[in-house]
2 protein chains.
Amino acid sequence: MRRIAAILFDGFEMLDMFGPLQMFGMLSDDFQIVTVAEAAGPVRASRGPEVVAERSFADGAAYELLLVPGGFGTRDQIENPVLLDWLCQASAQAEIVTSVCTGSALLAKAGVLDGLSATTNKRAFDWVAAQSDQVTWRKKARWVEDGRFFTSSGVSAGIDMSLAVIARLCGEEAAENAAIWAEYSANRDSENDPFSLSGET
Amino acid sequence: MRRIAAILFDGFEMLDMFGPLQMFGMLSDDFQIVTVAEAAGPVRASRGPEVVAERSFADGAAYELLLVPGGFGTRDQIENPVLLDWLCQASAQAEIVTSVCTGSALLAKAGVLDGLSATTNKRAFDWVAAQSDQVTWRKKARWVEDGRFFTSSGVSAGIDMSLAVIARLCGEEAAENAAIWAEYSANRDSENDPFSLSGET
């Protein structure tokens, strides 16, 4: 059983979080979801409801998986040393570190993507890329796997990224079954990015 | 501005709820999300975190849109007269009533789908269909629109259904833009159901 820390902050994007959590949650013998935020308690999604963080950063940073969503709230968090320091500590210990959309900006700013390739939402690309010149930013990728780091493109791309994580940890059949159970027409090819801006590679 | 009541109950399915809410939430000039449950306060998702219900059933039943998710919790709610009565009252007043996955079982049991066509998750089809013989249950449909009722197939099908609602209320371009912003490869054809069981229509 691996614990996945789902990182909440004010203004996180709903589907960035709950697309991957749906996929991991369906494999309940393999993954346990734990919501984590700077402070335990309710955290409001961008243009959505409050979700309850069960644990605080102070409760520890040892989780097998991390899930860092994007959303407008990343604009505040990029200046939050408490969150960035925690991401640094937690990433050092995690088996797999994942982000969706502009969540990769937070990982990059925390320095944990130094020397690695990564991607993000194509419509926020310049802002994300400006957070670190130590990352090779990929403009055309549904998601990027570089070692134990999985960064995905915008919002729904996180679902495809999470299936790639499941395939690596639990096998291809588990990923296929998760997609079928959720009646999700998965994009299993990380290089197939229908939303990259024209002419970019 | 239309208010969409997102109905929470213990054991609701995460993506059934947050797929559609992502799409409606992106059109924040047109839709306001309100979480509603039998009692206000935290409500636990199936194999997931708690989400906070802002309003209770007792606070009123007048919303322009309803969103009824599925999930294992529907097995309990199908016997809950408080929820079924509220769905009946709220459906009578709503402009649009939507469900995802086994959420249509609750609408059917409440009697609000009598005389209409509807669909559900294909892997729970027999249980859902057994809740009412007054509904024409469709075994092959990504979602079904019958007047002001939109019922969708399993889990991720709710995203496609919500785009159909947005197209009806806000126009086709708004739906297309929502899908692109979320980097979601939408299935816009309600008759295209890749997950129907073989040979069924």
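Predicted model only: the values in this text are computed from it and were never measured.

A. Expanded view of the overall build of chain A. Summing up its helical and strand segments, chain A has seven helices and 11 strands in all. In terms of overall dimensions, chain A is globule-like: its C-alpha atoms have a radius of gyration of 15 Å, near the 17 Å expected for 201 residues. In terms of its C-alpha atoms, chain A occupies a principal-axis envelope of roughly 40 × 40 × 30 Å. Residue burial in chain A is summarised as follows: out of 201 residues, 63% are buried. Of all intrachain contacts in chain A linking residues separated by at least 6 positions in sequence, the fraction that spans at least 24 positions is 67%. Carbon and sulfur atoms make up 45% of the accessible area of chain A, which totals about 6,900 Å². Charge separation in chain A, taken as the distance between the mean sites of 16 positive and 28 negative side-chain charges, equals 4 Å.

B. Representation of the confidence of the model for chain A within the structure. Summing up the model confidence of chain A, the mean pLDDT is 96 and the portion of residues at 70 or higher is 98%. The ipTM for the predicted assembly is 0.96, set against a pTM of 0.97.

C. Molecular detail of the pattern of salt bridges. On inspection of all chains with the given rule, the structure shows 20 salt bridges over all chains. Between A:Lys122 and A:Asp193 there is a salt bridge, with its nearest N and O atoms 2.8 Å apart. Here the residue A:Lys122 occupies a position in the loop between strand E8 (117–118) and helix H5 (125–129), and A:Asp193 occupies one in the segment after helix H7 (172–181), the gap between them amounting to 71 residues. When sorted by exposure, A:Lys122 lands in the same class as A:Asp193, which is buried. When the shortest N-O distance is used, the salt bridge between B:Glu95 and B:Arg2 registers 2.8 Å.

D. Just the sheet that holds strand E1 (residues 2–7) of chain A, in detail. Residues and elements named next belong to chain A. Spatially, the seven strands line up as an open sheet ordered E5-E2-E1-E6-E7-E11-E10, and their pairing is mixed. Both outer strands of the open sheet, strand E5 (55–56) and strand E10 (143–146), are each paired with one neighbouring strand and no more. Of the strand pairs in this sheet, E1 and strand E6 (residues 65–68) are connected by three bridges, and their pairing is parallel. Within the sheet, the bridge partner assigned to Ala5 lies in E6 and is Leu66. The sheet strands contacting helix H6 (residues 157–170) are E1, strand E2 (31–37), E6, strand E7 (96–99), E10 and strand E11 (149–152), and the helix crosses E11 at an angle near 160°.

E. View of the relation of the copies chain A and chain B. Each copy of the sequence occupies a distinct position, and chain A is placed on chain B by a rotation of 180° and an axial shift of 0.0 Å, giving an RMSD of 0.0 Å. Both chain copies can therefore be described as sitting about a two-fold axis. Every residue of chain A has its C-alpha some distance from the rotation axis, and the shortest such distance is that of A:Val51, at 2.2 Å. Interface overlap between copies: 100% of the residues of chain A at the interface are likewise at the interface in chain B, consistent with a symmetric, same-surface contact.

F. Main features of the side chain of B:Gln22. With respect to the secondary-structure elements, B:Gln22 resides in helix H1 (residues 14–26). When its relative accessible area of 1% is taken as the criterion, B:Gln22 is described as buried.

G. Up close: unusual backbone geometry. Residues and elements named next belong to chain A. Although it is not a glycine, Val155 adopts a positive phi angle of roughly 40°. With respect to the helices, strands and loops of the structure, Val155 is situated in the loop between E11 and H6. Judged by its relative accessible area of 0%, Val155 falls in the buried class.

H. Spotlight on the sheet that holds strand E6 (residues 65–68) of chain B. All names here are of chain B. Read from one edge of the open sheet, seven strands run E5-E2-E1-E6-E7-E11-E10, paired in mixed fashion. In this open sheet, the two strands that pair with only one neighbour each are strand E5 (55–56) and strand E10 (143–146). Note that strand E7 (residues 96–99) and strand E11 (residues 149–152) share three bridges and pair parallel. Paired with Thr98 across the strands is Phe150, a residue of E11. Of the strands in this sheet, strand E1 (2–7), strand E2 (31–37), E6, E7, E10 and E11 touch helix H6 (residues 157–170), which is tilted by about 160° from E11.

Rules used in this analysis
- Each residue is numbered by its place in its chain's sequence as written, counting from 1.
- The lettering of chains begins at A and the numbering of ligands begins at 1, in the order of writing.
- Reporting in this predicted model follows two pLDDT cut-offs: at least 70 for local features of residues, and 80 or more for side-chain atom pairs to be given and counted; totals over whole chains, interfaces and linings ignore these cut-offs and use all residues.
- Side-chain metrics in this entry use all non-hydrogen atoms of the structure; hydrogen atoms and water are not considered.
- A helix here means a DSSP run of H or I that spans at least four residues, while a strand means a run of E at least two residues long, and both kinds are numbered starting from the N terminus.
- Our radius of gyration is a C-alpha quantity, and the globule rule it is checked against amounts to 2.2 Å times the number of residues to the power 0.38.
- Under the scheme applied here, a residue whose accessible area is under 20% of the maximum for its type counts as buried, over 50% as exposed, and between as partly exposed, the area being computed with a 1.4 Å probe on protein chains only.
- Every residue pair with non-hydrogen atoms within 4.5 Å of one another is taken to be in contact.
- Accessible surface is estimated by sampling points in the Shrake-Rupley manner with a 1.4 Å probe; for residues, cover comes only from the protein chains shown.
- Charged residues are defined narrowly, with Lys and Arg counted positive, Asp and Glu counted negative, and His plus the chain ends left uncounted.
- Charge placement uses NZ in Lys and CZ in Arg. For Asp and Glu, CG and CD serve respectively.
- The quantity called pLDDT is the predictor's confidence in a given residue, expressed from 0 to 100.
- Definition used for salt bridges: Asp or Glu carboxyl oxygen within 4 Å of a side-chain nitrogen of Lys or Arg.
- Only strands joined by at least two bridges in the DSSP assignment are considered to pair.
- To obtain an axis, a line is fitted to C-alpha atoms, over the contacting stretch when the element is a helix, and the angle between two such axes runs from 0 to 180 degrees between their N-to-C directions.
- The superposition of copies rests on a least-squares fit of C-alpha positions from residues with pLDDT of 70 or more in both.

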